[in-house]
Amino acid sequence: MWHADRTGTVVAAALQALGALSGIGVVLASKLALDAVLDAPSASSVSGTLVLALAVLAAVVAISSSVGVLQSQQQRILGERVTQQMWRGVLRACAGVPLVTWESTSFLDRLERVRNNALSRPASVVSSVLGLAGGLVGLVGMVVALAALDPLLVPTLLVVAVPVVALNRLSSRLEFRFAVRTNPLQRRRLYLKVVLISRPNAAEVRAFGAAPHLLGRHGDADADYLADLVPHVRRRQGLGLLSTLVSALGLAATLVLVVVLVQHGRLSLSEAGAAAIAARLLGGQMTTTLTAMSTLNEAVPFLADLESFLDDAVTEESLRPGRPLDRALTLRDVSFAYPDHEPAVREVSISLPRGSVVALVGENGSGKTTLAKVVAGLYAPTSGSVSWDDEPAAGHDLRASVTVLFQDFIRYQMSARDNIVLADTRRPVEEEHVRAAARSAGIDEALAALPSGYDTMLGQELEAGSDLSGGQWQRVALARALYRDSAVVVLDEPTAAMDPRAEAALFGDVRSMLAGRTALLISHRFSSVRSADYIYVMDAGRVAEEGTHDELVALGGTYAELYALQAAAYLD
Ligand SMILES: Nc1ncnc2c1ncn2[C@@H]1O[C@H](COP(=O)(O)OP(=O)(O)OP(=O)(O)O)[C@@H](O)[C@H]1O
């Protein structure tokens with residue numbers, strides 16, 4: 001809170017203290033007014049003291065009410081600043097964690113918990129911290145005022161506070177356990193919501209008429225959640241009622257004590273009146289303090305969760321400059337396993353000599369994309385080594401020097417230019433570089449012809465922009481990959497969405513498109529693959545065959561079989 005907004009914190013704290021102190025003012029002014037009434041010689045006479053006491057009373061009540069109004073708005077700004085700061089931390093952590101962390105369900109569970117709970121807490125924590133500070137000031141002031149009237153009045157109220165605090169703590173712990181327990185269910189509900197409300201899914205959901213089934217599953221998840229929520233809420237309601245009952249008993253006991261003290265002549269009538277008002281106000285301060293404490297108690301495990309999430313999400317150092325490749329990028333006996341899974345890549349050795357186009361083929365699930373992510377430094381091998389010009393290459397070096405075009409690339413809802421330059425935001429944007437990349441990817445003319453040229457917003461999700469076809473989006477993604485001037489480029493199904501003419505144009509002249517870069521090409525299209533300098537055939541995570549197209553066809557193995565199948569399909 002202090003880091004997010006210092007001035008705001010001071011102003012909010014000052015308002016809180018003012019509010020609490022005005023409560024004490026109310027007690028003192030009430031006593032003055034009662035004294036003036038009780039001391040008056042006759043019921044009809046109005047003394048100057050009474051007028052003064054009433055004026056002070058009106059002023060402190062006015063101050064206390066105005067403080068409330070100012071406080072709630074002030075806390076909104078402070079709450080927003082604190083929430084923004086928390087979000088910045090989470091976004092940075094998410095952007096910085098290694099890719100493999102995203103494959104772990106426990107990370108996704110924690111992220112969901114942080115997103116759902118921890119991030120909504122800071123705003124309430126802000127008001128609770130301030131409420132607690134103000135409440136404590138008021139509480140101490142009120143206890144002092146009561147002790148001044150008669151010290152016997154204090155212990156009753158303080159004894160009551162012990163069980164009330166304990167009940168609040170118990171209630172808060174129940175809340176954290178509930179959140180941890182229902183986390184997987186929350187993720188399932190969110191997933192189904194996203195499937196049903198996101199634009200890219202709208203067409204397929206309609207085409208299969210899947211909406212009723214998906215709505216049903218979402219409804220089931222909702223029902224499961226409610227089935228857990230209702231008894232949880234009942235338990236918390238019970239604890240809340242018990243705590244209120246104990247507080248009310250405390251107040252009642254204090255009031256009885258006031259009467260007894262008056263009967264024994266220890267308190268005058270005006271003191272008794274002031275004590276009754278103080279006890280009532282003290283009750284209010286206790287409620288404020290306890291509510292603030294219970295919100296804080298409730299927030300503590302969530303915030304600890306957030307903190308450990310931020311600490312554990314070791315962020316990586318910023319991107320380094322890429323290195324040129326002089327000889328080759330080589331993988332030796334590389335294996336990789338996703339967390340809690342059998343290896344997806346097993347003892348693979350491949351080499352990408354400088355300036356070559358090397359292809360990776362194989363059936364679905366044979367490990368091509370996983371291997372490509374190892375080559376790009378996105379996954380660290382579980383065993384084996386990756387070397388760059390015969391020197392061991394660390395993940396961050398590979399990420400700086402290898403560019404990947406994924407099959408499921410991102411369609412950024414940004415301008416056409418931003419969609420391309422995002423690949424390398426460190427270098428100043430030069431129109432010629434942008435257009436050269438777009439030309440190589442065969443999309444320059446189409447982008448230039450958009451209503452505002454390269455400044456045209458692509459996609460329709462954020463504003464009414466110009467949407468592109470699947471193949472055009474893929475070319476924009478290819479332009480992005482080419483804009484980043486790295487020595488090695490991995491192209492994972494780069495032409496999957498392109499028409500035959502576009503694909504032929506791209507692969508007819510693939511070497512001029514690559515402009516000297518070394519390329520690892522993943523494709524199921526043998527028409528594209530056959531022109532590669534060298535081909536690796538993967539099967540169940542291993543390299544099963546390797547060689548040039550002609551060598552592999554002559555070998556008569558898996559490659560020859562798959563090639564013959566595809567060729568036959570065209571000839572039939
Ligand atoms: N995130 C993941 N977590 C666990 N296992 C995964 C994950 N991604 C892929 N796998 C498994 O790893 C294996 C290799 O997958 P990979 O995506 O590398 O195959 P691929 O050859 O690229 O397939 P395709 O041709 O279908 O793109 C598969 O068995 C797959 O089930």
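Keep in mind it's a predicted model, so treat the numbers as computed, not measured.

1. Comments concerning unusual backbone geometry
Piece 1. The phi angle at Ala515 is positive, at roughly 45 degrees, despite the residue not being glycine.
Piece 2. Topologically, Ala515 is positioned in the loop between α16 (510-514) and β8 (518-522).

2. What to know about the sheet that holds strand β1 (residues 328-337)
Through backbone hydrogen bonds, the strands of a sheet pair up, either in parallel or in antiparallel fashion.
Piece 1. The strand order across the open sheet formed by four strands is β2-β1-β4-β5, and the pairing between neighbours is antiparallel. Looking along the sheet, the strands with just one partner apiece sit at the ends: β2 (343-353) and β5 (391-392).
Piece 2. Bridge count for β1 against strand β4 (residues 383-388) is five bridges, and the pairing is antiparallel. Among the inter-strand pairings, Leu331 is bridged to a residue of β4, identified as Val386.

3. Some points on the site of the ligand
Piece 1. Surrounding the ligand, one finds 14 residues, the nearest of these being Glu103, Gly365, Lys368, Thr369 and Thr370.
Piece 2. Separating a nitrogen atom of the ligand from a side-chain N or O atom of Tyr338 is a distance of 3.4 Å.
Piece 3. Between the ligand and Gly367 there is a distance of 3.0 Å, counted from an oxygen atom to a backbone nitrogen or oxygen.
Piece 4. Top element by residues in the shell around the ligand is helix α9 (residues 368-375). It accounts for three residues.

4. Overview of the nonpolar core
Piece 1. Formed by 46 residues in total, the largest nonpolar core has its most connected members in Ile420 and Leu478.
Piece 2. By residue number, the principal contributor to this core is helix α14 (residues 470-483), which donates eight residues.
Piece 3. With residues near it in sequence (within four places) discarded, Leu478 still touches Leu405, Ala441, Leu491, Met498, Leu506 and Met513.
Piece 4. Leu325, Phe336, Tyr379 and Ala393 belong to the second-largest nonpolar core, a separate cluster that totals 29 residues.

5. Points about helix α3 (residues 105-116)
Piece 1. Taking 1.5 Å as the rise per residue, α3 with twelve residues should run 16 Å; its terminal C-alpha atoms sit 16 Å apart, in good agreement.
Piece 2. Along α3, the positions that sit buried rather than exposed are Phe107, Asp109, Leu111, Glu112, Arg113 and Val114.

6. Concerning the pairing of β2
Piece 1. Note that β1 and β2 share seven bridges and pair antiparallel. Bridging across to β2, Thr330 finds its partner in Ser351.
Piece 2. Between β1 and β2, which pair antiparallel in sequence order, lie five residues; one of them, Asp340, sits at a positive phi of approximately 60 degrees.

7. Observations regarding the domain arrangement of the protein chain
Piece 1. With domains assigned, the protein chain is organised as domain 1 (6-312) and domain 2 (328-569).
Piece 2. Each side of the interface is counted separately: domain 1 has six residues, and domain 2 has nine residues.
Piece 3. Buried area between domain 1 and domain 2, both sides added, is near 630 Å², and the carbon and sulfur share of it is 65%.
Piece 4. The interface formed by domain 1 and domain 2 includes zero salt bridges.
Piece 5. Our count for the contact surface shared by domain 1 and domain 2 stands at zero residue pairs in polar contact (both at pLDDT 80 or more).
Piece 6. Each residue belonging to the side of domain 1 that touches domain 2 can be placed in one class, and the counts come to three nonpolar, one polar and two charged.

8. Observations regarding the pairing of strand β9 (residues 534-539)
Piece 1. As judged from the five bridges shared by strand β3 (residues 357-362) and β9, these two strands associate in the parallel manner. Within β9, the residue paired with Val358 across the bridge is Tyr534.
Piece 2. In the sheet, β9 pairs with strand β10 (residues 542-547) via five bridges, with the strands oriented antiparallel. Residue pairing for β10: Ile535 is matched across the bridge by Gly547.

9. Re the pattern of salt bridges
Piece 1. Going through the model one piece at a time under the given rule, you end up with 18 salt bridges.
Piece 2. For Asp305, the salt bridge is made with Arg113, and the minimal N-O distance between the two is 2.7 Å. In this pair, Asp305 is assigned in helix α8 (residues 269-312) and Arg113 in helix α3, connecting sequence segments 192 residues apart.
Piece 3. One salt bridge in this structure joins Arg323 and Glu391, with 3.6 Å as the shortest N-O distance. Of the two residues, Arg323 sits in the loop between α8 and β1 while Glu391 sits in strand β5, which places them 68 residues apart along the sequence.
Piece 4. Taking the relative accessible area as the measure of exposure, Glu391 reaches 45% and is therefore partly exposed.

10. Digging into the side chain of Thr330
Piece 1. Structurally, the position occupied by Thr330 is in strand β1.
Piece 2. Relative accessible area serves as the criterion here: at 11%, Thr330 is assigned to the buried category.
Piece 3. Not counting residues up to four positions away in its chain, the partners in contact with Thr330 are Ile350, Ser351, Ser385, Val386 and Ser387.

11. So, the sheet that holds β8
Piece 1. As summarised here, the arrangement of the six strands in space is β6-β7-β8-β3-β9-β10, forming an open sheet in which the pairing is mixed. The open sheet has two edge strands with one neighbour each: β6 (402-405) and β10. Neighbour-to-neighbour, the strand axes of this sheet turn through a mean angle of 20 degrees, independent of strand direction.
Piece 2. Pairing between β3 and β8: four bridges, direction parallel. Looking at β8, one finds that Leu360 is bridged to Ile522.
Piece 3. Of the strands in this sheet, β3, β6, β7 (488-492), β8 and β9 are in contact with α9, which crosses β8 at around 160 degrees.

Conventions and cut-offs
- Residues numbered from 1 in each chain as written.
- Predicted model: local features only at pLDDT ≥ 70, side-chain atom pairs only at ≥ 80, totals over all residues.
- Heavy atoms only, no water.
- Helix = DSSP H or I, 4+ residues; strand = E, 2+ residues; numbered from the N terminus.
- Pairing = 2+ DSSP bridges.
- Near = heavy atom within 4 Å.
- Polar contact = N/O pair within 3.5 Å; in protein donor to acceptor, adjacent residues only side chain to side chain.
- Core = buried A, V, L, I, M, F, W, Y, C linked by side-chain atoms within 4.5 Å.
- Buried < 20%, exposed > 50% of the residue type's maximum accessible area, 1.4 Å probe, protein only.
- Contact = heavy atoms within 4.5 Å.
- Expected span 1.5 Å × (residues − 1).
- Domains from an automatic or database assignment.
- Buried area = accessible area lost by both parts, 1.4 Å probe.
- Salt bridge = Lys/Arg side-chain N within 4 Å of Asp/Glu carboxyl O.
- Nonpolar A, V, L, I, M, F, W, Y, C, P; charged D, E, K, R; others polar.
- Axes fitted to C-alpha atoms, helices over the stretch in contact; angles between N-to-C directions.

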